[in-house]
There are 2 protein chains.
Amino acid sequence: MRTGLDCFPCFLRQALEAARMVTQNEGIQRKVLNSVFSILSNVSVHMTPVEIAHLVHLRVKSITGNLDPYKEVKKKQNELALRCEKTLSAQIAEMSNPLKAAMMFSAAGNAIDLAPGRPVPDIYKRYMEMISKGFAWDDYELFIKKLAHSKLLLYLGDNAGEIVWDKILIEELLENFNLDILYAVRGFPILNDVTMEDAHFVGLDKVVKVVSNGFDAPGILLDRCSEDFLKHYRNSDLILSKGQGNYESLSGENRPIFFLLNVKCPVIAEDIHCNVGELVLKAQLNHGLSHH
Amino acid sequence: MRTGLDCFPCFLRQALEAARMVTQNEGIQRKVLNSVFSILSNVSVHMTPVEIAHLVHLRVKSITGNLDPYKEVKKKQNELALRCEKTLSAQIAEMSNPLKAAMMFSAAGNAIDLAPGRPVPDIYKRYMEMISKGFAWDDYELFIKKLAHSKLLLYLGDNAGEIVWDKILIEELLENFNLDILYAVRGFPILNDVTMEDAHFVGLDKVVKVVSNGFDAPGILLDRCSEDFLKHYRNSDLILSKGQGNYESLSGENRPIFFLLNVKCPVIAEDIHCNVGELVLKAQLNHGLSHH
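Residues numbered from 1 in each chain as written. Chains lettered and ligands numbered in written order. Predicted model: local features only at pLDDT ≥ 70, side-chain atom pairs only at ≥ 80, totals over all residues.

### What to know about the overall build of chain A
Argument step 1. The number of helices and strands found in chain A is 12 helices and 7 strands.
Argument step 2. For chain A, whose C-alpha radius of gyration is 18 Å, the value lies close to the compact-globule estimate of 19 Å for 292 residues.
Argument step 3. Its C-alpha atoms give chain A principal-axis dimensions of roughly 55 × 45 × 35 Å.
Argument step 4. For chain A, the proportion of contacts with a sequence separation of at least 24, taken over those separated by at least 6, is 70%. (Helix = DSSP H or I, 4+ residues; strand = E, 2+ residues; numbered from the N terminus. Rg over C-alpha atoms; globule rule 2.2 N^0.38 Å. Contact = placed C-beta atoms within 7 Å.)

### Some remarks on the relation of the copies chain A and chain B
Argument step 1. Expressed as a screw transformation, the operator carrying chain A onto chain B has a rotation angle of 180° and an axial translation of 0.1 Å, and the superposed copies differ by an RMSD of 0.0 Å. With respect to symmetry, the two chain copies, as superposed, fit the operation of a two-fold axis. Within chain A, A:Pro9 has its C-alpha nearest the rotation axis, a separation of 2.3 Å.
Argument step 2. A high fraction, 100%, of the interface residues of chain A reappear at the interface in chain B, so the copies pair face to face through one surface. (Least-squares fit on C-alpha atoms with pLDDT ≥ 70 in both.)

### Digging into the sheet that holds strand E4 (residues 209-212) of chain A
Residues and elements named next belong to chain A.
Argument step 1. If you walk across this open sheet you meet the 7 strands as E1-E7-E6-E5-E2-E3-E4, and the pairing is mixed. Bordering the open sheet on either side are strand E1 (135-138) and E4, each of which pairs with just one other strand. Strand-to-strand twist in this sheet, taken as the mean axis angle between neighbours without regard to direction, amounts to 20°.
Argument step 2. In the sheet, strand E3 (residues 180-185) pairs with E4 via 4 bridges, with the strands oriented parallel. (Pairing = 2+ DSSP bridges. Axes fitted to C-alpha atoms, helices over the stretch in contact; angles between N-to-C directions.)

### So, the packing of helix H1 (residues 7-22) of chain A against helix H3 (residues 49-64) of chain A
All names here are of chain A.
Argument step 1. Close contact between H1 and H3 brings their axes to 10 Å; oriented N to C, the two are set at 30°. The angle between the axes of H1 and H3 places the two elements in the roughly parallel class. The crossing of H1 and H3 is right-handed. Residue-level inspection shows Cys7, Phe11, Ala15, Ala18, Ala19 and Val22 of H1 in contact with H3, the latter providing Pro49, Ile52, Ala53, Val56, His57, Val60 and Thr64.
Argument step 2. In the contact of H1 with H3, the residues fall into 11 nonpolar, 2 polar and no charged. (Parallel < 35°, antiparallel > 145°, perpendicular 65-115°, else oblique. Left-handed = near helix turned anticlockwise from the far one by under 90°. Nonpolar A, V, L, I, M, F, W, Y, C, P; charged D, E, K, R; others polar.)

### Overview of the sheet that holds strand E7 (residues 279-283) of chain B
Residues and elements named next belong to chain B.
Argument step 1. In spatial order, the strands read E1-E7-E6-E5-E2-E3-E4; together these 7 strands make up an open sheet with mixed pairing. Strands with a single pairing partner mark the edges of an open sheet, and in this sheet they are strand E1 (135-138) and strand E4 (209-212). Averaged over all pairs of adjacent strands, the angle between strand axes in this sheet comes to 20°, irrespective of strand direction.
Argument step 2. Here helix H8 (residues 162-176) sits on the sheet in contact with strand E2 (152-156), strand E3 (180-185) and strand E5 (238-242), set at roughly 165° to E3.

### Concerning the pairing of E2(B)
All names here are of chain B.
Argument step 1. Summarising burial for E2: 4 of the 5 residues are buried, a large majority.
Argument step 2. Here E2 pairs with E3 via 5 bridges, running parallel. By the bridge assignment, Leu153 is partnered in E3 with Ile181.
Argument step 3. Handedness of the β-α-β unit built from E2, H8 and E3 comes out right-handed.
Argument step 4. Where E2 lies against E5, 4 bridges are found, and the strand directions are parallel. Directly across from Leu153, in E5, lies its bridge partner Leu238. (Buried ≥ 20, exposed ≤ 12 C-beta atoms within 10 Å, placed from the backbone. Right-handed = clockwise from strand over helix to strand, strands pointing away.)

### Quick look at the domain arrangement of chain A
Residues and elements named next belong to chain A.
Argument step 1. When its domains are assigned, chain A resolves into domain 1 (7-64) and domain 2 (86-287).
Argument step 2. The partner domain 2 presents 11 residues to the 9 residues of domain 1 that form the contact.
Argument step 3. Counting residues per element, the ones that place at least two in the side of domain 1 that touches domain 2 are H1 and H3.
Argument step 4. If one sorts the elements of the side of domain 1 that touches domain 2 by residue count, H3 sits on top with 6 residues.
Argument step 5. Grouping the constituent residues of the side of domain 1 that touches domain 2 by class yields 5 nonpolar, 3 polar and 1 charged. (Domains from an automatic or database assignment.)

### Description of the nonpolar core
Argument step 1. With 167 residues, the main nonpolar core has A:Phe11, A:Ala15, A:Phe105, A:Tyr183, B:Phe11, B:Ala15 and B:Phe105 as its most contacted residues.
Argument step 2. Contacts of A:Phe105, omitting those with residues within four sequence positions, involve A:Leu88, A:Ile92, A:Tyr127, A:Ile131, A:Trp165 and A:Ile168. (Core = buried A, V, L, I, M, F, W, Y, C linked by C-beta atoms within 7 Å.)

### Observations concerning the interface of chain A and chain B
Argument step 1. Listed by partner, the interface residues are 14 residues for chain A and 14 residues for chain B.
Argument step 2. A total of 8 residues in the side of chain A that touches chain B trace back to one element, the largest contributor, which is helix H2 (residues 26-42) of chain A.

### A few points about the environment of B:Leu281
All names here are of chain B.
Argument step 1. You can see Leu281 is positioned in strand E7.
Argument step 2. Separated by 41 residues in the primary sequence, Leu281 and Leu240 have C-alpha atoms spaced 9.5 Å apart.
Argument step 3. Those residues in contact with Leu281 that sit more than four places away from it in its chain are Met103, Phe135, Trp137, Asp138, Asp139, Tyr140, Phe143, Phe258 and Leu260.

### A look at the confidence of the model for chain A
Argument step 1. Model confidence for chain A is summarised by a mean pLDDT of 93, while 96% of its residues fall at 70 or above.
Argument step 2. We note a pTM of 0.90 for the whole complex and an ipTM of 0.87 for its interfaces. (pLDDT = per-residue confidence, 0-100.)

### Quick notes on H8(B)
Argument step 1. Compared with an ideal rise of 1.5 Å per residue, which puts 15 residues at 21 Å, H8(B) spans 21 Å between its outermost C-alpha atoms and is within 8% of the ideal.
Argument step 2. Buried residues in H8(B) make contact with helix H4 (71-94), helix H5 (98-108), E2, E3, helix H9 (196-201) and E5 of chain B. (Expected span 1.5 Å × (residues − 1).)

### Points about unusual backbone geometry
Argument step 1. One non-glycine residue, A:Leu191, adopts positive backbone phi at about 45°.
Argument step 2. Structurally, the position occupied by A:Leu191 is in the loop between E3 and helix H9 (196-201).

### Some points on H1(A)
Argument step 1. Taking 1.5 Å of rise per residue, the 16 residues of H1(A) would be expected to cover 22 Å, and the 23 Å separating its terminal C-alpha atoms lies within 8% of that figure.
Argument step 2. Taken together, the buried positions of H1(A) are A:Cys7, A:Phe8, A:Pro9, A:Phe11, A:Leu12, A:Ala15, A:Leu16, A:Ala18, A:Ala19 and A:Val22.
Argument step 3. Lining the buried residues of H1(A) we find H2, H3 and helix H12 (266-272) of chain A together with helix H1 (7-22) and helix H2 (26-42) of chain B.

### A few points about the environment of B:Glu85
Argument step 1. Summarising the element assignment, B:Glu85 is placed in helix H4.
Argument step 2. In this structure, the C-alpha to C-alpha distance between B:Glu85 and B:Val164, residues 79 residues apart in sequence, is 6.9 Å.

### Considering the environment of B:Ile239
Residue and element names in this part refer to chain B.
Argument step 1. Relative to the elements of secondary structure, Ile239 occurs in strand E5.
Argument step 2. Along the backbone, Ile239 and Leu153 are 86 residues apart, and their C-alpha atoms lie at a distance of 5.6 Å.
Argument step 3. Residues contacting Ile239, with those up to four places away along its chain left out, are Leu154, Leu156, Arg255, Pro256 and Ile257.

Spelled out as structure tokens, the structure:
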């Protein structure tokens, strides 16, 4: 997906957020912004948002001297999600279609702010509101059909916190299908995206094999990922891709991918033909995945 | 008020919006953004947001070759507000305190998007919801007390569309107080701010004397305004200042100003100690206006 001009203010906002995670010094924050101005003046809009975001956050890291600005935030998001895990998992088990419900929870994952101090009942309530609306783009039946004929599923993770809902979904998948699953994380810290450290922290490595994609973009830039990861990417029968970043970088690729996400920005909403705030499960149609 | 780093993404977003009002050509839009990057790299955060916005939009005008990008939008906002005028005015007259209600409507004015095609009953509903919450900062009693001792009120206008609610409020003021009122507009087009053309279009000039401030910033930059305007600014007994831009540029000035606005951004919310979305009527306390 190419970058929209609407992404530019957002890159700036994200860079400022990242800088503020590291330092209260406004001079350094301003230096970060000025440096982002110079990057954005020179990038091509034919690059994906993920490629540009990677450049921007590499610069944030280098100016602030902090390679993992979201470290503390991620830890808190994971801790809060773990506190909710049992209750959510029990609620999902009671629903009429637990697997579909688990997919929706996982998609809703990065829409709901797991800020410390936020009351847990309030978090449940927000989730239930989102789930009750269903998928705005719903390729669930097709996904189940493909799953039944798949031996190896590659699951592309997205954010900290929601990785706990990924775990619940993966447990549902393993219960219902005779399937091997690989869960892929980012190779190095970027924003609040999941790394190997998060997978270990929430115990996902005890449920499923976790692999690194070998790079630190907030999405999957295939020409930068490790050979190991690319082997998994090519050999898997099916790919479940979580979140906006993975969608931005893989939409249009010739692989059997299902994109599971909450639509959070107007640029992606337009690309998917959905509205901001909606949940989406969408098959990569140009691979010949069909509804029939 | 000095500029926050949070304002930077917003300047960019506004410049893109203005460019898109004029042209669908993405190359020109990108040229505008790049030019704004270079402005923002060099401005001091000790400037007010209004000063920076003025530089940004001067550049938008010069690159696009269009001196009034919001001309059509403003016309539509004024037309829609005029269609609502009689009903709103009648509703206000029926309320327990019509003057205070008219002030709240006027403050809510630039929060509610007067987009063409938006159903009129929906607009009324949004207004009534806002009004029902009252002022989050409420210096109404003090304002009334000061009004009773004032002969000349200078009313600083803000946006097209809401100028019609200003008209309703001014009619209420004239009915209740023995008062002369001057309504000030921007000297030249800037964003969707009111100019002499808008005042004529909505018939405000038939109710009150309208004056120009002589400059085209989206606020009041005193050192750039005309001598004529400054005379009114100095000679008036009381000043009613509408909207965020006027607040950004006049908060801290040594004049008896009451700021009437809807808080639309976190930078101003922090400055006023209110929340985004709230209505505010706030006295300029450093002039010695007191609640006692």
